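# Observations on chain architecture
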Amino acid sequence: MEDFRRSYLRLCKEGGLEPQESVVAQLQDSTTAQGSRLDLSGQSLSADTCSVLARAFQKETMFTEVSLSDCMLSEEGAKILLTGLSGNTTVKVLSLKGNNLRSTGAEMLGKLLARNKTLCRLVLEWNALGVWDEAFSLFCDGLASNTSLKQLDLRNNQINHHGASELALALKRNNTLEVLDLRWNNIGLLGGRSLLEALQKNKSVVQLEMAGNNIPSDTLRALEQTIGHNSDTQSNLRESRSRTQVLSKEIQILKEEKGRQFLNMMDTIDRQREEMGRSSRSTFLQIGQLQEALNERKSTVNSLTAKLQMTEAALALSEQKNQNLGELLSRVKAEKEEQRERQSRERKKEQEDGALREGKLLREIQNLTETNGQFRTKVEEVERRCKSQQQQIFELKQDLTNCTAEFKLRLTQAEDRLEIEKRRSKQALEDMDSLRQKEVDHVNRHLEESERALQDRIFKLEGQRIQLEEELSKAKAACVTERAQAEEELGRVRAQVRLEEQEHVSTLEEKLRSVRSSLQEVQLHCSQQKQTISELQAKHSQQSIEMDGLRRRIEELQQELSGKDQEKVAEVSRVRVELQEQIGHLQAERTAQGGLKEKINALERELKVLSSNHREALLDKDSEMSSMLEKLRLKEAEIQRMREDEANRASYLQSAILTYVQGSPLGHYSSPKK
């Protein structure tokens, strides 16, 4: 609080304003109270103080409740304050009672509700928000987009049926508002009906106050019924949440109890084994003593016969008990077979469901692979076209080099011929001049034709480049559409997975119930078996032979019980493993889709690089063409110079021309004309 007061005074000094004494005194009182509530009710706040408070609210974060009731706020002050509070993250309760907020206030309140994510209660009693329909519609839009407000007080705001319809549209979109107070307005019949329609769709509003709005009693009753239904649904939701929490806790407790029972059973089995070992040792000792007594007292055969009769009777009783135990074992085996059949049926159902899911996932993967193959084919076609263009460029370069070589050879030949013709005669010089002119014309024509062909090829390459760019744009649009389709398919798959998880959870709960019942039955069987074991231990001193068979049967029963427990634990672990595998498959699909997106981006980058390289190659070709043209111009200038030199020398060689005219130059010159 002291920090807020200091920041208020500092901001006033920075802005060159004088702080209001009443506000400073109220802040001093709040600092002495040391609470999280700022109460400035009844203080007349100017626009300057509102701007300073707005800046302080943007910086400081210690108040959770702010009361600005009856502060006589102007439109500018209210606008500045509400803009400052829109960025606050700690204020949960805001009271603007009795400030006569109008159109600008309603608009800024709508922006505040749209931006703020922490405000839980807003009191706007005794204002005039409903007078301007457009501003109130903006307020309702902000309320529709809000996700934190739970209580809204709009008493005495002159809201008519148009405002009520706008508020109803906002309630259809809002899912967090719980308490709404609209008393003492002018909503009327039409507004009440629109609110009734909105509340039939909205399930979050639990309390609605509509007194003093000229609404008929039947609509009020309908509103009360809908609100009661909403409250019942909210209570049911809370109960269901609490029940789910209780069930989860009970499941954990049952798991712990099962672990403890299993440990106790193992301890009891170990103790029984120790007791049986001790009893067997004692019986073996007794048998040795009896054998010694029999060896010593052979004369007492009659008494032994009587004892044999007694033992035969005991054997008959033991055989009856054995029969009873066999019947119990047959019953247990039948129950086991029934449980195995049930488990096999459930496994088959789960395997069929898993096969269906795998088929769906495989189909989706095949579709994705097909799309990837299409993209790859498109990219390969583009690469082939680029390669063909590169080959054409290379061929053009070779043509240029060949042309230059031909030009050089022809120039050398022309120079040789010029030297020979200078020695011979004037006519030969004239003929050579004509021949040179013809050759130069021919060379010029060839150069012009080659230039035209190169220009035609350049135009064709530019057209191909434009076609490739159009195909790239089409491919990008197809990629965008396929991405949207893939995202929609992901949303569907996620929804299906959630539904399947819910169904699987319900099946697991049913299985847990069946496991509980089976545990109770097993405990009953264990208690019965313990009773039989105690009886057998009492008779063990007389029937040592029968005790061996009974020990074996008891061990078999214990093994079966342990096998049952192990099967149940294995089933639970298998179900968990299946859920983890499904989650892993989904995560793998997500990663695969991410890899596809990365590949698409890489292909786009490669296409951009290829296009840039193509452009650079074209620019290099243009530069080479310009350099070749310059070289040709230089060569033409040299030829002209050579002609001038030859004309000068012709005057000096007139005497030599007359001697060489009658020679063999005519036959020699006929060959180049041909």
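Cut-offs and rules
Residues numbered from 1 in each chain as written. Predicted model: local features only at pLDDT ≥ 70, side-chain atom pairs only at ≥ 80, totals over all residues. Heavy atoms only, no water. Helix = DSSP H or I, 4+ residues; strand = E, 2+ residues; numbered from the N terminus. Buried < 20%, exposed > 50% of the residue type's maximum accessible area, 1.4 Å probe, protein only. Contact = heavy atoms within 4.5 Å. Areas by Shrake-Rupley, 256 points an atom, 1.4 Å probe, with all protein chains shown as cover. Patch = residues over 30% accessible without salt bridge, like charges linked within 9 Å, V, L, I, M, F, W, Y side chains within 5 Å. Salt bridge = Lys/Arg side-chain N within 4 Å of Asp/Glu carboxyl O. Expected span 1.5 Å × (residues − 1). Lys, Arg positive; Asp, Glu negative; His and termini not counted. Charge placed at Lys NZ, Arg CZ, Asp CG, Glu CD. Pairing = 2+ DSSP bridges. Axes fitted to C-alpha atoms, helices over the stretch in contact; angles between N-to-C directions. Core = buried A, V, L, I, M, F, W, Y, C linked by side-chain atoms within 4.5 Å. Polar contact = N/O pair within 3.5 Å; in protein donor to acceptor, adjacent residues only side chain to side chain. Parallel < 35°, antiparallel > 145°, perpendicular 65-115°, else oblique. Nonpolar A, V, L, I, M, F, W, Y, C, P; charged D, E, K, R; others polar.

Secondary structure summary: the protein chain contains 14 helices and 7 strands in total. Classification of the 674 residues of the protein chain by burial places 30% in the buried group. Restricting to contacts in the protein chain with at least 6 residues of sequence separation, those with at least 24 account for 85%. Summed over all atoms, the accessible surface of the protein chain reaches about 43,700 Å², with 51% contributed by carbon and sulfur.

Another point: a nonpolar patch on the surface. Residues F262, L263 and M266 make up a contiguous nonpolar surface patch of about 290 Å² in total accessible area. Topologically, M266 is positioned in helix α9 (residues 217–296).

Turning to the pattern of salt bridges, a few remarks are in order. Scanning the entire structure with this criterion turns up 8 salt bridges. Taking the shortest distance from any N to any O, the salt bridge between R155 and D153 comes out at 2.8 Å. Of the charged contacts, one joins R155 and D181 as a salt bridge, the two residues approaching to 3.3 Å between their closest N and O atoms. Of the two residues, R155 is situated in the loop between β5 (151–153) and α7 (161–173) and D181 in strand β6 (residues 179–181); the sequence distance between them amounts to 26 residues.

A separate point is the environment of Q225. Assignment of secondary structure puts Q225 in helix α9. Residue classification places Q225 among the exposed positions, given a relative accessible area of 60%. Residues Q225 and L196 lie 29 residues apart in sequence; the distance between their C-alpha atoms is 9.9 Å.

Moving on: helix α6 (residues 133–145). Here α6 spans 19 Å end to end across 13 residues, near enough to the 18 Å set by a 1.5 Å rise per residue. Buried residues in α6 make contact with α5 (103–115), β5 and α7.

Residues R342, R345, K348 and K349 make up a contiguous surface patch of positive charge. Looking at the element boundaries, R342 is found in helix α10 (residues 301–424). Residue classification places R342 among the exposed positions, given a relative accessible area of 53%.

A few words on helix α4 (residues 75–86). The first and last C-alpha atoms of α4 sit 16 Å apart over 12 residues, in line with the 16 Å expected at 1.5 Å per residue. Packing partners of the buried residues in α4 comprise α3 (47–59), β3 (93–95) and α5.

As a further point, take the sheet that holds strand β1 (residues 37–39). Strand-to-strand pairing in sheets goes through backbone hydrogen bonds, with the strands running parallel or antiparallel. An order of β1-β2-β3-β4-β5-β6-β7 is seen for the 7 strands of this open sheet, with the pairing classed as parallel. Each edge of the open sheet carries a strand with a single partner, namely β1 and β7 (207–209). Strand-to-strand twist of the sheet, defined as the mean angle between neighbouring strand axes without regard to direction, takes the value 0°. Direction of pairing for strand β2 (residues 65–67) relative to β3: parallel, over a ladder of 3 bridges. The partner of E65 across the bridge, within β3, is V93.

With that settled, the discussion passes to the environment of W126. Along the chain, W126 turns up in the loop between β4 (121–123) and α6. In this structure the C-alpha to C-alpha distance between W126 and S69, which are 57 residues apart in sequence, comes to 9.6 Å. Residues within four places of W126 in sequence aside, it is in contact with K97, G98, N99, N100, R155, N156 and N157.

All right, on to the nonpolar core then. Counting 63 residues, the largest nonpolar core has L109, L124, F139, L152, L154 and L182 as its most contacted members. For this core, the secondary structure elements donating two or more residues are α1 (2–15), α3, α4, α5, α6, α7, α8 (188–201) and α9. Among the elements that take part in this core, α6 stands out by supplying 6 residues, more than any other. In contact with L109, not counting residues within four places along its chain, are L82, L96, L101, L122, L124, L129 and F139. The next biggest cluster of nonpolar side chains, apart from the first, holds 5 residues, and it includes F407, V443, L447 and L632.

Our next topic: unusual backbone geometry. Even without being a glycine, D70 presents a positive backbone phi close to 55°. Assignment of secondary structure puts D70 in the loop between β2 and α4.

Mapping T90 onto the fold places it in the loop between α4 and β3. Judged by its relative accessible area of 18%, T90 falls in the buried class. At 3.0 Å, the side chain of T90 forms a polar contact with the backbone oxygen of F63.

Right, let's talk about a negative patch on the surface for a bit. Negative charge collects at one region of the surface, where E335, E337, E338, E341 and E521 lie side by side. Per-element tally for the negative patch: the top contributor is α10, with 4 residues. Relative to the helices and strands, E521 is located in helix α11 (residues 426–538).

Before going further, it helps to examine the packing of α7 against α8. The N-to-C vectors of α7 and α8 enclose an angle of 5°; their axes lie 8 Å apart at closest approach. Judged by the inter-axis angle, α7 sits roughly parallel to α8. Taking contact as the criterion, the partners of H161, A164, S165, A168, L171 and K172 in α7 are, on α8, L190, G191, S194, L195, A198 and K201. Among the residues making up the contact of α7 with α8, the classes are represented as 6 nonpolar, 4 polar and 2 charged.

Closest axis-to-axis distance for the α3/α4 pair is 8 Å, and the angle between their directions is 5°. Classed by the angle they form, the pair α3 and α4 counts as roughly parallel. Here α3 contributes A47, C50, S51, L53, A54, F57 and Q58 to the contact with α4, which in turn contributes E76, G77, I80, L81, T83, G84 and L85.

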